[in-house]
Amino acid sequence: MSFAALDLVPLLAAMLACLACGLLGNLLLLTRQSLLGDAVSHAVLPGIVLAFLVTGSRDAAPMLAGAVAAAFAAALLVGVLTRAARLSPQAAMGIVFSGFFAVGVVLLETGVGRRVDLDLDHVLLGQLDTLVWPAATGWASLLDPDALAALPPELLLIGAVAVAVPLLFAALWKELRLLAFDPDFAAVTGFAPRALSALLLAALAVACVAAFWAVGAILTLAALVVPPVVARLLTRSYRAQVLVSAIVALVMGAGGVLLAGVLPAALGQDWAVSGAGMVAVVGGVLVLAARLAARESG
Amino acid sequence: MWEALTFQAGHNAAVVAAGCIAFGLAAGAVGCFVLLRGRALIADAAAHATLPGVAGAFLLGLALGLDPRALPWLLAGGGLTASLAVLAANALARGGRVKDDAAIAVALSVSFGLGAVLLSVVQALPVGGQAGLSGLLLGRAAGMAEADAWTMAAVALVALAVLGALLRPLSALLFDPLQASLAGLPVKALDVALLGLMLLVVLAGLPAVGLVLVVALLIVPAAAARLLTARLPAMAALSAGFGAGSAHLGVAISAAAPGAPTGAVIVLVAVAVFALALLASPRRGLVAALRRRAALLAAARAAAR
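Residues numbered from 1 in each chain as written. Chains lettered and ligands numbered in written order. Predicted model: local features only at pLDDT ≥ 70, side-chain atom pairs only at ≥ 80, totals over all residues. Heavy atoms only, no water.

Visitor: How do you make sense of the overall build of chain B when you look at a structure like this?
Guide: Along the backbone of chain B there are 15 helices and zero strands. A globule of 305 residues ought to have a C-alpha radius of gyration of about 19 Å, and chain B, at 21 Å, matches this closely. If one aligns the C-alpha atoms of chain B with their principal axes, the spans along those axes are about 85 × 55 × 35 Å. The buried share of chain B, taken over its 305 residues, is 53%. Between the centroid of the 18 positive side chains of chain B and the centroid of its 9 negative side chains there is a distance of 18 Å. (Helix = DSSP H or I, 4+ residues; strand = E, 2+ residues; numbered from the N terminus. Rg over C-alpha atoms; globule rule 2.2 N^0.38 Å. Buried < 20%, exposed > 50% of the residue type's maximum accessible area, 1.4 Å probe, protein only. Lys, Arg positive; Asp, Glu negative; His and termini not counted. Charge placed at Lys NZ, Arg CZ, Asp CG, Glu CD.)

Next comes the structure, spelled out in structure tokens:
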């Protein structure tokens, strides 16, 4: 089988999922809400499973609706817990997302999972390796409508989200910068950070679902935090932060998948290592390099 | 289910229940201090960061000709990488450009990624016993052998003993860190000791609850206890009781419902206990708050009349 059939789709899926998550991660990092990414990436699981359960279909629309609803429910509960139980945000989030995730695990393991064809190992560790494109015969398939129609639907979802998130940034550039750097000023000037925060949460849930199919629930967090952290270590302006994070996201996605497939082959082995895991490992190497570079330049 | 609750469902079931209860007890007690010291997130990161150590220990054990499935050996590897991840998160946050929470999230996700890579190597090897490894992700209490339960109980007992010995200085630290350091308490050493205790509990919880959800048993019973009392010794005792009780009931429920994953069910029982405490706590509960508000409104109306 060719590169197009076996490796092209995982490569694109990892790059685009990291891009969408990494861009949104900038806003989480700058508003000191990186934790929210962790919470949402776990909380979407019961939303996805319940959507399957109710509609019985694997279509993207009910799945996204379920995930967005779960993300809002989780955010709402975190708010209630911090106020009513006077817990710290990190403790409140810990309680909410472990509760949500446990519900998802129980639903999956007690039979629903078998019906919806969602495997827990894939949920946790990603399923990049299963995103193959058997209809492809070579690069020419990229121009063949029949072969294109047989692309894995997960890739189409990830692709759509990876187009929508940069558009969101372009359309709301100034507003998002204000939200990131001076939410108080934004509120005083009559601009609605509450609506914008809600929009951001919805976008985050959608991006998490997209990344979920590629790299799994936990490694989605790597895609959310690594690109912004590298950019934060290397740059001083908002524009540079966003641009560098986008480049880092694409590099970690591509580097991870290529290393996971190519490295064992170069060593003469016939097995492949986890592509999703390798994406996070490449991200870790990039953070280490950026941290060392930041120290060099003082 | 009644049989499971009263340890009469057979030797294996009793072993599983005893192991999980020992872990729940220690997690509740230690979790109290972890929660009050604001270390919930670092505990979650440490738990996820045990994966590369566990998988690495399996591979190393295989290469050295040891039994790679021995639980103490795997847990030692997990403890090592979890400690390294905590150190890495601290180092990353030290520059000041990256805040604590983001640094911890990086350490968590990157070390879990490394674990996923090593796990995929383990699973590609033509040896047995890999199922036990991926069982540590979400726990596989049913597969617990008697030796495993003893390991968990020993780890939990050590954690409780150290906690008991350090109760006084730790309370002083939680009550007022500044005052504690002025009074000459070794604050840094106490924090390291608390981290060590937290790590022990996380390791004890891997076979029962798994590394993804183990943090819940550290913070959920503690948060429930905090709703009910403000006194630290009472809170620790209550939290330990909630942890042990959630583990006990969770094991029994999952024994009665075939297919239900023990770890996730234990977490849900703990969350249910927390929800009850949140509703019904006499001082800080939602019902009490609504009552107070209604009484206030009635008084205001009476005054206006």
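Visitor: Would you mind showing me how to read the nonpolar core here?
Guide: Counting residues in hydrophobic clusters, the biggest one holds 221 residues, and the most contacted among them are A:L87, A:F101 and B:F274. Ranked by residues supplied to this core, first place goes to helix α2 (residues 8–30) of chain A with 16 residues. Residues contacting A:L87, with those up to four places away along its chain left out, are A:L81, A:T82, A:A92, A:I95, B:L35, B:A223, B:R226 and B:F274. Judged by nonpolar contacts, the second largest core, of six residues, contains A:A260, A:V273, A:M278 and A:V281. (Core = buried A, V, L, I, M, F, W, Y, C linked by side-chain atoms within 4.5 Å. Contact = heavy atoms within 4.5 Å.)

Visitor: Sorry if this is basic, but what is going on with the packing of helix α4 (residues 50–64) of chain B against helix α5 (residues 71–94) of chain B here?
Guide: A packed helix pair is summarised by two numbers, namely the angle formed by the two axes and the spacing between the axes. Residue and element names in this part refer to chain B. Their axes nearest at 7 Å, the elements α4 and α5 cross at an angle of 135°. One element, α4, and the other, α5, form an angle in the oblique class. Where α4 crosses over α5, the handedness of that crossing is right-handed. Contacts from T50, P52, G53, V54, A57, F58, L60, G61 and L64 of α4 reach α5 at W73, L74, G77, G78, T81 and A82. (Axes fitted to C-alpha atoms, helices over the stretch in contact; angles between N-to-C directions. Parallel < 35°, antiparallel > 145°, perpendicular 65-115°, else oblique. Left-handed = near helix turned anticlockwise from the far one by under 90°.)

Visitor: When you look at the pattern of salt bridges in this model, what are you seeing that I'm missing?
Guide: When charged atoms on two side chains of opposite charge get close, those side chains can pair. All names here are of chain B. Inspection of every chain in the model, using the stated rule, returns three salt bridges over all chains. Among the salt bridges present, the one from R69 reaches D67, with a minimum N-O distance of 3.7 Å. Through salt bridges with shared partners, a single network forms among R37, R39 and D191. (Salt bridge = Lys/Arg side-chain N within 4 Å of Asp/Glu carboxyl O.)

Visitor: Just checking my understanding: could you explain the side chain of A:Q241 for this structure?
Guide: All names here are of chain A. Within the fold, Q241 resides in helix α13 (residues 238–266). At 3.1 Å, the side chain of Q241 forms a polar contact with the backbone oxygen of P228. Aside from chain neighbours lying at most four places away, what touches Q241 is N26, L29, P228, A231, R232 and T235. (Polar contact = N/O pair within 3.5 Å; in protein donor to acceptor, adjacent residues only side chain to side chain.)

Visitor: Before we go on, may I ask you to explain the packing of aromatic side chains in this structure?
Guide: Each aromatic ring pair is specified by the distance between its two centres and by the angle formed by the two planes. Residue and element names in this part refer to chain A. Taken as a whole, this structure holds one aromatic pair over all chains when the rule is applied. Centroid distance W173 to Y238: 4.9 Å. Interplanar angle 50°. Geometry classified as tilted. With W173 in helix α9 (residues 173–181) and Y238 in helix α13, this pair connects stretches of sequence that are 65 residues apart. On the basis of relative accessibility, which here comes to 21%, the residue W173 falls in the partly exposed class. (Phe/Tyr/Trp six-rings, centres within 6.5 Å; stacked < 30°, edge-to-face > 60°.)

Visitor: Can you help me understand the interface of chain B and chain A in this one?
Guide: Think of interface size as the accessible area that goes away when the parts come together; that is how it is often given. Counting residues at the interface gives 52 residues for chain B and 53 residues for chain A. Taken over both partners, the interface formed by chain B and chain A buries close to 4,300 Å², and the fraction arising from carbon and sulfur atoms is 75%. Where chain B packs against chain A, one counts zero salt bridges. Between the two partners, chain B and chain A, sit seven residue pairs in polar contact (both at pLDDT 80 or more). Listing elements by their share of the side of chain B that touches chain A, those giving two or more residues are α3 (40–48), α5, α6 (100–124), α7 (130–138), α12 (214–228) and α14 (262–280) of chain B. When grouped by side-chain class, the residues that make up the side of chain B that touches chain A number 37 nonpolar, seven polar and eight charged. (Buried area = accessible area lost by both parts, 1.4 Å probe. Nonpolar A, V, L, I, M, F, W, Y, C, P; charged D, E, K, R; others polar.)

Visitor: Quick question: what am I supposed to make of the state of the cysteines here?
Guide: Throughout this description, disulfide means a covalent bond between two cysteine sulfur atoms. Residue and element names in this part refer to chain A. Evaluated as defined, the whole model comprises zero disulfides over all chains. C21 provides the cysteine sulfur closest to C18, a residue in no disulfide bond, and the two sulfurs are 7.2 Å apart. Classification of C18 as buried rests on a relative accessible area of 1%. (Disulfide = S-S within 2.5 Å.)

Visitor: Can you walk me through the side chain of B:S109 in this structure?
Guide: When you line up the elements, B:S109 lands in helix α6. Discounting chain neighbours no more than four positions away, the residues touching B:S109 are A:I218, A:L219, A:L221, A:A222, A:V225 and A:A280.

Visitor: I would appreciate a short explanation of the confidence of the model for chain A in the present structure.
Guide: Fine structural detail should not be taken from predicted coordinates in areas where pLDDT scores are low. Here chain A averages 85 in pLDDT, while 92% of its residues score no lower than 70. Across chain A, helix α12 (residues 217–234) of chain A holds the top mean pLDDT of 93, while helix α10 (residues 183–188) of chain A sits lowest at 63. (pLDDT = per-residue confidence, 0-100.)

Visitor: Help me understand unusual backbone geometry in this model?
Guide: Leaving glycine out, the prevailing phi sign among residues is negative, and the prevailing peptide bond configuration is trans. Here A:R32, not a glycine, exhibits a phi torsion of approximately 55°, which is positive. Here A:R32 is to be found in the loop between α2 and α3 (34–55).

Visitor: Explanation requested: the environment of A:A147 in the structure shown.
Guide: Take A:A147: it is sitting in helix α7 (residues 145–149). Spatially, the C-alpha atom of A:A147 lies 8.6 Å from that of A:T137, the residues being ten residues apart in sequence.

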